Structures are given as C-alpha cells and as structure tokens.
Amino acid sequence: MNVASPITALSLAERAQRAAKVAAEFADTVDREARFPKEGMDAVKAERLMGIQIPVQHGGEGATMSEVAEVCSILGKACAATAMTYAMHQIQIASLSDHAPDSAWHEAFLKRICDEQLLIGSATSEAGIGGNLRNSVCAVDVEGDIVRLEKNATVISYGADADAIMVTSRRHKDSPPSDQVATLFTKDQYTLEHTAEWDTLGMRGTCSDGYIFRGEAPAEQILPKPFAEIAAQSMLAVSHLLWGALWFGIAADAVNRAQSYVRAAARRSPGQTPPGALRLAEASSMLQQVKSNVVAGLKQFEAGKGDPDALSAMGFAVAMNNIKIGTSQTILDIINQCMLICGIQGYKNGTPYSLGRHLRDAHSAQLMISNDRILGNTSTMLLVGKQETSLLR
Amino acid sequence: MNSTIRDLLTKHGRLPVSVDTIADDADLYEAGLSSFASVQLMLGLEEAFDIEFPETLLNRKSFSSINAIAASVSQITETQQVA
Ligand SMILES: Cc1cc2nc3c(=O)[nH]c(=O)nc-3n(C[C@H](O)[C@H](O)[C@H](O)COP(=O)(O)OP(=O)(O)OC[C@H]3O[C@@H](n4cnc5c(N)ncnc54)[C@H](O)[C@@H]3O)c2cc1C
C-alpha cells in the first residue's frame, strides 16, 4: 500500500523552493570554507528530492527530466554547490534507471536511493585522460562473481560524502581504452585515498577532491550495457541539460540582484531612468536565450526518450553539445553585465548585490568537460551529419 | 563489399588490433572503434561507394560491426539508386 506522505502532496517546485531557502542561507559559508553543502543537501533530502526521477515502481516519483531540471535551476539560484551536487547525483540516476533494466541488483538499489535518500557520486575523470569521458586507463578485474577496480580518479565531487560512486573503466585488462563499463560501488565496498585538494576559484563546495579509488563488489554491480551507449543516450545529454538548468539558475539570481539594484536606484530618483537599466534589459534578453536553449533541449530529450536510435543520432548529440557551449558562455556574459550594473556593490562580498560567488562559480561551466573538447567533437560530427535547420524540430 | 570495408577500417579505424582478426559480426566498439574514427570511416565509405549517409543511419548501430556497415551501405545504395 502506498499512502502519499504530506511532502509529496506539494509540487516538486515547492519542495525545491523550501530546500533552496536553506541552501541560500549557507551558500556564502559553504563557498568560503570550501565545504560540503551539508545544510542544503540535508534540506533536499528532507524534501525527499533525491529519488524523484526514479520510476514509481522502484520507489520514486517518475519525475520527468524537465521537472528535475527545474529543481536544479531553483537550487542553482540559491547555492551553486548544492545545485551541482544534486545535478550530478541525478545524472548518475538517469544512467542507472534507463540502462540497467532487468538487473535485480540495480533495481533494488534504486529503491534504496528513494528509501534512504542516498547520494551517488561519479568517477569518470582519470589521471592521464583528463575530461575524455569515453576513454579509461583502469580496467575492472572480474574473478568469479567478484569485481575489483582501482582508479586514479583526479576529480570526484563530494566523494567523501557520497553513499555510492559510479566508476567508469575498461571492460577488461585487454580491452581498448574506449571499450568501457560503468560499475556502481556502495560506500562499504570502497576506500578513497586522498590525493588532491579542491581549492578552486569557484564551485568550491562541490569538494571535488582527487582520490585513488579502490573497490571490490559483487560483479552484478557492473551495469549490463556498454558505457558507450549509456554515455551517448543518457549521460552526456542529461549532464548538459541539468548543468544548463543550474547554470541558468546562477545567472538568473545575478539578474535578480542587478534588477533590485536598478529598481533601488529608480526609487531614489523618480522620473530618471537609472544608468544600469539598459544593461539590465540586455541581460534579460541573454537570460531568456539561455532559458530557451535549455528548454528546447529538454523537449528534444523527452521526445527521444525510450528511442535509443533517436538518442544516439548525431543530430541529437550536436544539439546537446550546443546547449552546453551556448549556456556555459552566455552565463558569463550575463553575470559580467550584472556586475557592471551593480558596480562596486556587486564586486564586494557581503552586500545584497554581491556577484563574486556567481561569477566564480559560473567560470567552471566552460571547463567542466572543456568547451574546446566539446567543440572538437561537434566539428567531427558535422563532417558527416547535417546541421538541423528546421525551426520546430 | 566486406573486403572494401575491411580496407577502409584498416585505413581509418585506428584499431589497436589487426582488422584481419575481427570477424564480420564482431563488435567494432569492443575492438576499440572510437566515435572520431567512425566518422573518418564514414567519410571513407561515402567516397568509396559514392553515397551519402542519411541522418537516420548516423548512429552507433550502423557502425557496430562489419556486417552492420555492409547492411547500411546496401540500404543506402538501393534507396539512392531508386531516387
Ligand atoms: C565543478 C566540477 C565538478 C566536477 N566533478 C567531477 C566528478 O564528480 N567526477 C569526475 O569524474 N569529474 C568531475 N569533474 C571533472 C570534469 O568532468 C572534467 O574532467 C574536467 O573538468 C576536465 O579536466 P581538464 O581541464 O584537466 O582536462 P582536459 O579535458 O584534458 O582539458 C585540458 C585542456 O586541454 C584542452 N584540450 C584537451 N583535449 C582537447 C581536445 N580533444 N580538443 C580540444 N581541446 C582539448 C582543453 O582546452 C583544456 O583547456 C568536475 C569538474 C568541475 C569543474
């Protein structure tokens, strides 16, 4: 029997707003101390938002990708570290729930994510590989029904606070670098040897330290599908969409602050248009571009859902790459514009118009899977695939 | 046709193993075909067979094995001759 708890009677957006309120309160501290956004993530869990994307039959709420993206954008307005932690967790869930059908272990684990509000991390980046998601050096070692894996993982966000980590590797020690699998290890099945500290310009609260990952688990925890398919049909697209959503959130909060600044100036001298008003109009137009980009991508993703051919088509990959490039660049222009509007009040920390954190957090967007790498991939695809030129498709 | 495909695979596939050791139905991605190499291979096929891959065949499945490539090429030559 399934009795709706009071929390699920509220809309997802309302629950996200309540969590965001808590996250916003701690955003500056989390950033300054470069620590895990514990209060924000505890609030997200209290709102039971961790498993919303998981199908109802596995204990979730079957939320659409658009609904998940909206939660990311709401959290992004409040605290980018909380939003990024949440978004990366949802990216792992998308891979798990779409690509491990009929795997009893993974289905049971999805249920656990909902019941226990577990947080899933990701270890794709590896020493010697950089951000090339589709290559691995390390390989799983399967002996009987046990899988062992050691990975020199250069960046694992919230690694120390995750309840499980999905790790990519080669399928076998003799496999080529691109023949990969993904394996989910739970916290009791791995150790993390700390190798690098995450002391960065922005996104400081993601605590994306480097570790040597060493895991041992039942072999059934290897995802049955090749990672190549998971990456093409889910991970890349969902990453760009959910990142885009939270980056929109960061920029939207910057525009909110700039608008308050302009309004305050207008109130002080009625009858005169404040000097920042024109720039605000421009920022508003750029923000709308980012929004349209993400929303169009979500529509395309949802239209292709359940159709592996549509999701692995080149035109689709080009579209998703373009969303990443467009949003990651435009948010910087927007926040910079807002900084010009707010002037020193925006440059200073601790004012209602402070934008330093926004700008620093936003700078990670271009590097998070390097835009140059993505443009390189798109340019290869455009050698054969046709650019989509219809307006409505 | 499969021997032309094998020649092109040798030239563009950048595989870590010899193409001779790969069966017609073996998974090329498991053999190490990358997405970059598959695009180069596709360009090679277009040139060799004087065809153009339609959007519907620009996906992983079309390049998953030598047989799959042959099937895609045949399908294209048929429809493009009719057209
Ligand atoms: C906030 C944040 C959180 C992250 N969390 C995680 C996580 O949880 N797990 C994880 O695994 N990773 C994570 N990452 C890492 C991320 O996924 C990428 O691996 C990383 O951002 C890329 O690292 P890089 O710049 O050193 O590597 P590279 O991709 O190797 O790029 C280095 C430089 O070389 C250039 N370059 C390299 N290759 C090419 C190419 N083919 N074409 C053009 N230019 C190229 C690029 O311009 C770039 O400036 C995170 C990153 C950030 C910013």
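Basis of the calculations
- Residues numbered from 1 in each chain as written.
- Chains lettered and ligands numbered in written order.
- Predicted model: local features only at pLDDT ≥ 70, side-chain atom pairs only at ≥ 80, totals over all residues.
- Heavy atoms only, no water.
- Helix = DSSP H or I, 4+ residues; strand = E, 2+ residues; numbered from the N terminus.
- Rg over C-alpha atoms; globule rule 2.2 N^0.38 Å.
- Lys, Arg positive; Asp, Glu negative; His and termini not counted.
- Charge placed at Lys NZ, Arg CZ, Asp CG, Glu CD.
- Contact = heavy atoms within 4.5 Å.
- Buried area = accessible area lost by both parts, 1.4 Å probe.
- Salt bridge = Lys/Arg side-chain N within 4 Å of Asp/Glu carboxyl O.
- Polar contact = N/O pair within 3.5 Å; in protein donor to acceptor, adjacent residues only side chain to side chain.
- Core = buried A, V, L, I, M, F, W, Y, C linked by side-chain atoms within 4.5 Å.
- Buried < 20%, exposed > 50% of the residue type's maximum accessible area, 1.4 Å probe, protein only.
- Pairing = 2+ DSSP bridges.
- Axes fitted to C-alpha atoms, helices over the stretch in contact; angles between N-to-C directions.
- Domains from an automatic or database assignment.
- Nonpolar A, V, L, I, M, F, W, Y, C, P; charged D, E, K, R; others polar.

(A) Representation of the overall build of chain A. On a plain count of helices and strands, chain A comes out with 12 helices and 7 strands. Over its C-alpha trace chain A gives a radius of gyration of 21 Å, about what one expects of a compact globule, namely 21 Å for 393 residues. Oriented by its inertia axes, the alpha-carbon framework of chain A measures out at about 80 × 50 × 45 Å. Taken together, the 36 basic and 42 acidic charged side chains of chain A have centroids lying 8 Å from each other.

(B) Examining the interface of chain A and chain B more closely. On the side of chain B, 17 residues touch chain A, which itself brings 17 residues to the contact. Regarding the contact of chain A and chain B, the summed buried area is about 1,500 Å², with carbon and sulfur atoms giving 56% of it. The interface formed by chain A and chain B contains 2 salt bridges. Among the ionic pairs, Glu-52 of chain B bridges to Lys-386 of chain A, the shortest N-O distance being 3.0 Å. Scanning the region where chain A abuts chain B turns up 4 residue pairs in polar contact (both at pLDDT 80 or more). Elements with a minimum of two residues in the side of chain A that touches chain B: helix H6 (227-268) and helix H9 (314-342) of chain A.

(C) Summary view of the nonpolar core. Counting 121 residues, the largest nonpolar core has Tyr-86, Phe-109, Ile-113, Leu-242 and Leu-246 of chain A as the members making the most contacts within it. A total of 21 residues in this core trace back to one element, the largest contributor, which is H6 of chain A. Non-local contacts of Phe-109 of chain A, meaning those with residues more than four positions away in its chain, are made with Leu-96, Leu-118, Ile-120, Ala-164, Leu-184 and Thr-186 of chain A. Ranked by size, the runner-up nonpolar core spans 29 residues in total, among them Met-381 of chain A together with Ala-31, Met-42 and Ala-70 of chain B.

(D) Structural detail: the sheet that holds strand S2 (residues 141-143) of chain A. All names here are of chain A. What the 4 strands build is an open sheet, ordered S2-S3-S7-S6; its pairing is antiparallel. For this open sheet the edge positions go to S2 and strand S6 (190-196), each flanked by a neighbour on one side alone. With strand direction ignored, the average angle separating the axes of adjacent strands in the sheet is 10 degrees. Here S2 pairs with strand S3 (residues 146-153) via 3 bridges, running antiparallel. Paired with Val-142 across the bridge in S3 is Val-147.

(E) Region of the structure containing the domain arrangement of chain A. Residue and element names in this part refer to chain A. Along its sequence, chain A is organised into domain 1 (6-118), domain 2 (121-221) and domain 3 (227-381). Every contact between the two is made by 26 residues of domain 1 and, on the other side, 25 residues of domain 3. Around 2,100 Å² of area is buried between domain 1 and domain 3 when both sides are counted, 67% of it from carbon and sulfur atoms. At the surface where domain 1 touches domain 3, the tally comes to 3 salt bridges. A salt bridge links Arg-360 to Asp-31, with the shortest nitrogen-to-oxygen separation between them at 2.6 Å. Counting across the interface, domain 1 meets domain 3 through 5 residue pairs in polar contact (both at pLDDT 80 or more). Split into classes, the residues belonging to the side of domain 1 that touches domain 3 amount to 14 nonpolar, 8 polar and 4 charged.

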